[in-house]
Amino acid sequence: MAKDVLTGIHFLSGNYACVEGAIAAGCRFYAGYPITPSNEIAERMSVRLPQVGGVYIQMEDELASMAALVGASWAGAKPMTATSGPGFSLMQENIGLAAMMETPCVVVDVMRGSPSTGLPTAVGQADVMQARWGSHGDYEIIALSPSSPQESFDFTIKAFNLAERWRVPAIVLLDEVVGHMWERVVIPPKEEIRLVFRKRPSKPREEFLLYKADKDLVPEMPIAGEGYRFHTTGLTHNIKGYPDTTARAQAPLVRRLVDKIRKNAEKIIDIEEHYIEDAEVILISYGISYRVCQYVLDKVRSDGLKVGIIKLNTIWPFPERRIQELAKQIRAFIVVEINLGQIVFEVERVAHGQCETILVPHAGGHIHDPEDIYNVIKDLF
Amino acid sequence: MQIKKEHPLERLLRRERMPHILCTGCGIGTTMANLVEALEEGEFDLDKISVVSGIGCAGRVAGYLNLDGFHTTHGRPIAFATGLKLTNPDLTVIVFSGDGDLAAIGGNHLIHAARRNIDIKVICINNFTYGMTGGQLGPTTPSGTWSSTSVYGNYEIPFNLPYLLCACGATYVARWTSAHAHHIKNSIIEAMHHKGFSFIEVISACPVYWGRKNKLRTGKDMVKFFLEHTEIKRHPDPRDALIQMGTPILCGVFVNEKRPDYLDMMKAQLSKKLGISEFRGDGKVTLPEEEKKVVSEMRPPKEIKLTQIKLAGLGGQGIALLGLIMGRAASIFEGYSTVYTQEYGPEARGGASSSGLIISSRAVNMPYTTAPDILVIMAQGAFRKYRKDIRENSIIFIDKDLVRPKNIPNSVKVYAIPATRMAEKLGRALVANIVMLGFFTAITPYFSVESAEKAVKMSVPKGTEEFNLTAFKEGYEYGRQYGRA
Ligand code: SF4
């Protein structure tokens, strides 16, 4: 067995599991800058990547890290970086470039208390909106949120697959608690891990058009050095990849960047539902907060209250269709997140007054006290 | 007579993108032509060349060359190029951009790429200004001269780029003006053959902004000015390369030296240790097969109720490792749902160390130990801190020489062992945590001796396994006797 997929049973932190997921997914390039609470990812990457012939480079800042990722991807890498709030802010510049050039890459944001330097060593979940639209302009990305080290492993692989499939940056929204907690992680045999690589050019150079999309709105992607002699730019461009800074070129380009995710959302979205059938009230949560909700759910279900739960494995694109459907059947959604209201506004928008939408907020620094969630539920029955 | 239809340089330019946006008399266009000539003359494999630009007039060049071209974000072409090069070292990566892009907003990347000696070739157009945005002040605008944001004359000192780059460790540094076509071309060829960070500064004409406002209205005026105010030396000293009005612009090759580049340094450090000869980001490296050592089978867990365990002591007592080993024993070898957390943040400073463990045969949702059933305490300070968590019927494990439990309910069961003393007797106080682990294993039902021993073996430093297992046995025996007494 080569050292790439460490098939077997492990006991790992969420941050370590994320690294193993990346390596199992074929990541061989990591560029990053140290920041708490993501450091264990960089540290383990610096050990693991050389073992599999990959490149770990510690860049001078997060601007450089993210730019290096985009370059690496165009040279054929499945690249990754990891950071936390302040660094994530700096990365937004070239996350925008990656979105515009349609570059597959994975960015891990281990969320901590914020804004600004905030709480470097304590949990937060307030980067959810930044993950979606942190860079300027209209674009769509994909974001996943693991609730355990096992999911950190699984979702990191998934993030690579989605990034490659849809040619977007995929964001893994870990949080400080999941990043730092240790649990059992089962790594499957290499043959059982399904991997996706970007669509490759099907035409010779003379006929190839860099940004001519297929039906799924995703174009084929050549790699530097293969002889395609392509040109790509962060400017608004035509299907050849040449700058065309007109409103005429802007509309089809930006629309496609957005539509390739929005129109394919149902293929990307991954949510879990429990106890939905008879539910009058549904909890919606993600990341570490989902586990607190589950703890509360066990309690209220044994009290006989008809409460269900939705776990957002993918946060972006948002599961609009399903939430809309459920809004018609229930009395209320209760959104639990470690921020003062982010996903709750999405739920409220989609529920559109069909049912109540209630937020159980937390300013950050710790997970919710289960009592706080319990009391909100109790009030509804 | 045969009429040749193709321009000699057409192979390298994207004809469909012509006319270009560059102004008449601009030095960027001529430098681009010099680059094209260099690539023709040097007979390089054009399919393997990537050209990366940032933002600005010079940044447009990547779009005109018939190569793999990347027009990136402002200031980041060098960082982008670093990703390209380290992913596929077979590529030749050229960065073509301006002074504002490379030395102002991208200054940090410039100096660090030079320091790392990343094998990329940087052509830096220095026209003293931001042309694209209307002639504003830059980090290279000569003192006293006009820009649209220094209309009274610049009162800053500009960068001396050759000196900066030499100091940062670039291994090829040259400067020419856009009037020195031949020298630029030769320098580019030299840089293409050079392995390491190469930097060619081209003092370039921007007649439209910097020139016009500083009494050099046309491209011709500027070329004339450059030719008249240049001093070319064979071995110029970069310390003398500051550009000041009234003194000549010093040109030449400042440095051309051999030094291992980033990837060479990486290989030198890693190859022997890891048995791998190549490192690249695209995964095209064959890996050696190794023997499989990981655990692959898990037994179904026995039924137990959820138990919270708090471990606390001083930094250096191996509290974190103790928790990790317990976690591994319970999780990997006994099949329990197990969550292990360490305390982070301010609490983790000042010498205290604590971690939490939750073990259950059912799924564990809450990650933290909020109401510990068991406390393992190795220092008096830790006892004071966590006494509030000790309730009726709690179980506590203590190092009996280091902890005096006071004011606790009568129903609390105290298991005391002189763990540190026993460890010292074995020769190293450091293994007191492992002695405690043995003791804990003997008394509690969460993992078997075999599981604990396996977890110890996989967690302690190589070579110390036997010693740690001896410590474990000592503690375990003490626990067994304890049970009987
Ligand atoms: S503005 Fe100046 S630098 Fe830009 S193209 Fe015109 S002359 Fe060249």
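From a predicted model like this one, the values you see are computed outputs, not experimental measurements.

Student: Explanation requested: the overall build of chain A in the structure shown.
Tutor: Secondary structure summary: chain A contains 13 helices and 16 strands in total. Each principal axis of the C-alpha atoms in chain A carries an extent, and together these give about 70 × 50 × 40 Å. Within the span of chain A, comprising 381 residues, buried residues form 68% of the whole. Summarising the internal contacts of chain A: among those between residues at least 6 apart in sequence, 76% fall at separations of at least 24. Side-chain charges of chain A comprise 40 positive and 48 negative groups, with the mean position of each set lying 8 Å from the other.

Student: Where do I start with the pairing of strand β6 (residues 198–203) of chain B in this structure?
Tutor: Remark: a regular strand shows side chains that alternate across the two faces of the sheet. All names here are of chain B. With 6 of its 6 residues buried, β6 lies for the most part within the structure. Of the two faces of β6, the one holding S198, I200 and V202 and the one holding F199, E201 and I203 are both buried throughout. The pairing of strand β4 (residues 121–126) with β6 spans 6 bridges and is parallel. Looking across to β6, one finds that V122 is bridged to F199. Examined bridge by bridge, strand β5 (residues 172–177) and β6 share 6 bridges and lie parallel to one another. In the sheet register, A174 faces β6, and the bridge partner there is I200.

Student: Is there a simple way to explain the site of the ligand in this structure?
Tutor: Residues and elements named next belong to chain B. With respect to spatial proximity, the complete set of residues near the ligand consists of L22, C23, C26, I28, C57, N127, G131, C206, P207, V208 and Y209. With 3 residues, helix α7 (residues 207–213) is the largest single contributor of residues to the shell around the ligand. Counted by class, the shell around the ligand contains 9 nonpolar, 2 polar and no charged residues.

Student: Got a minute to help me understand the packing of helix α4 (residues 107–116) of chain B against helix α5 (residues 161–168) of chain B in this structure?
Tutor: Between two packed helices, the angle of one axis relative to the other and the distance separating the axes together describe the packing. All names here are of chain B. It is at 8 Å that the axes of α4 and α5 come closest, and there the two elements cross at 45°. On the basis of their axis angle, the class for α4 and α5 is oblique. Taken together, the residues of α5 that come into contact with α4 (itself represented by L110, I111, A114 and R115) are L164, L165 and C168. Grouping the constituent residues of the contact of α4 with α5 by class yields 6 nonpolar, no polar and 1 charged.

Student: Honestly, the sheet that holds strand β13 (residues 307–312) of chain A in this entry has me stumped. Any pointers?
Tutor: Within a sheet, each strand pairs with its neighbour through backbone hydrogen bonds, oriented either parallel or antiparallel. Residues and elements named next belong to chain A. Spatial strand order, β11-β13-β12-β15-β16: 5 strands in an open sheet with mixed pairing. Here the strands that pair on one side only, and so sit at the sheet edges, are β11 (271–274) and β16 (356–360). Each adjacent strand pair in this sheet contributes to an overall mean axis angle of 20°, direction not counted. Here β11 runs beside β13; their pairing, made up of 4 bridges, is antiparallel.

Student: Is there a simple way to explain helix α9 (residues 262–274) of chain B in this structure?
Tutor: Every α-helical turn comprises 3.6 residues, leaving residues that sit three or four positions apart pointing alike. End to end, α9 of chain B covers 18 Å across 13 residues, agreeing with the expected 18 Å (1.5 Å per residue, within 8%). Along α9 of chain B, the sharpest change in direction is near 30° and occurs at A268 of chain B. For α9 of chain B, the complete set of buried residues consists of Y262, L263, M266, L270 and S271 of chain B. Where α9 of chain B is buried, its residues touch α2 (39–51) and β3 (55–58) of chain A together with α2 (77–87) and α4 of chain B. Positive phi appears at G275 of chain B, one or two residues downstream of α9 of chain B, with a value of about 65°.

Student: I keep staring at the pattern of salt bridges and nothing clicks. Help me out?
Tutor: Note that side chains of opposite charge can pair when their charged atoms are close. In the structure shown here, the tally under the stated rule is 52 salt bridges over all chains. A salt bridge links E93 of chain A to R76 of chain B; the shortest N-O distance between them is 2.6 Å. Residue E93 of chain A is found in helix α4 (residues 85–101), and its partner R76 of chain B is found in the loop between β2 (68–71) and α2; the two belong to separate chains. Accessibility expressed as a relative area gives 22% for E93 of chain A, which makes it partly exposed.

Student: Any chance you could explain the domain arrangement of chain A here in plain terms?
Tutor: A common way to state how big an interface is: give the accessible area lost once the parts meet. All names here are of chain A. Taken domain by domain, chain A consists of domain 1 (8–192) and domain 2 (271–379). The gap between the C-alpha centroids of domain 1 and domain 2 is 26 Å. With 27 residues of domain 1 in contact, the opposing surface of domain 2 contributes 24 residues. Roughly 2000 Å² of surface becomes buried between domain 1 and domain 2 when both sides are summed, with 57% attributable to carbon and sulfur atoms. Where domain 1 packs against domain 2, one counts 3 salt bridges. Note that K311 and E151 form a salt bridge whose closest N and O atoms lie 2.7 Å from each other. Residue assignment for the side of domain 1 that touches domain 2 shows that the elements contributing at least two residues are β6 (119–123), α5 (128–133), β7 (142–144), α6 (149–166), β8 (169–175) and α7 (176–180). Top contributing element to the side of domain 1 that touches domain 2 by residue count: α5, with 4 residues.

Cut-offs applied
- Residues numbered from 1 in each chain as written.
- Chains lettered and ligands numbered in written order.
- Predicted model: local features only at pLDDT ≥ 70, side-chain atom pairs only at ≥ 80, totals over all residues.
- Heavy atoms only, no water.
- Helix = DSSP H or I, 4+ residues; strand = E, 2+ residues; numbered from the N terminus.
- Buried < 20%, exposed > 50% of the residue type's maximum accessible area, 1.4 Å probe, protein only.
- Contact = heavy atoms within 4.5 Å.
- Lys, Arg positive; Asp, Glu negative; His and termini not counted.
- Charge placed at Lys NZ, Arg CZ, Asp CG, Glu CD.
- Pairing = 2+ DSSP bridges.
- Near = heavy atom within 4 Å.
- Nonpolar A, V, L, I, M, F, W, Y, C, P; charged D, E, K, R; others polar.
- Axes fitted to C-alpha atoms, helices over the stretch in contact; angles between N-to-C directions.
- Parallel < 35°, antiparallel > 145°, perpendicular 65-115°, else oblique.
- Expected span 1.5 Å × (residues − 1).
- Bend = angle between axes of the 7 residues up to and from the residue.
- Salt bridge = Lys/Arg side-chain N within 4 Å of Asp/Glu carboxyl O.
- Domains from an automatic or database assignment.
- Buried area = accessible area lost by both parts, 1.4 Å probe.

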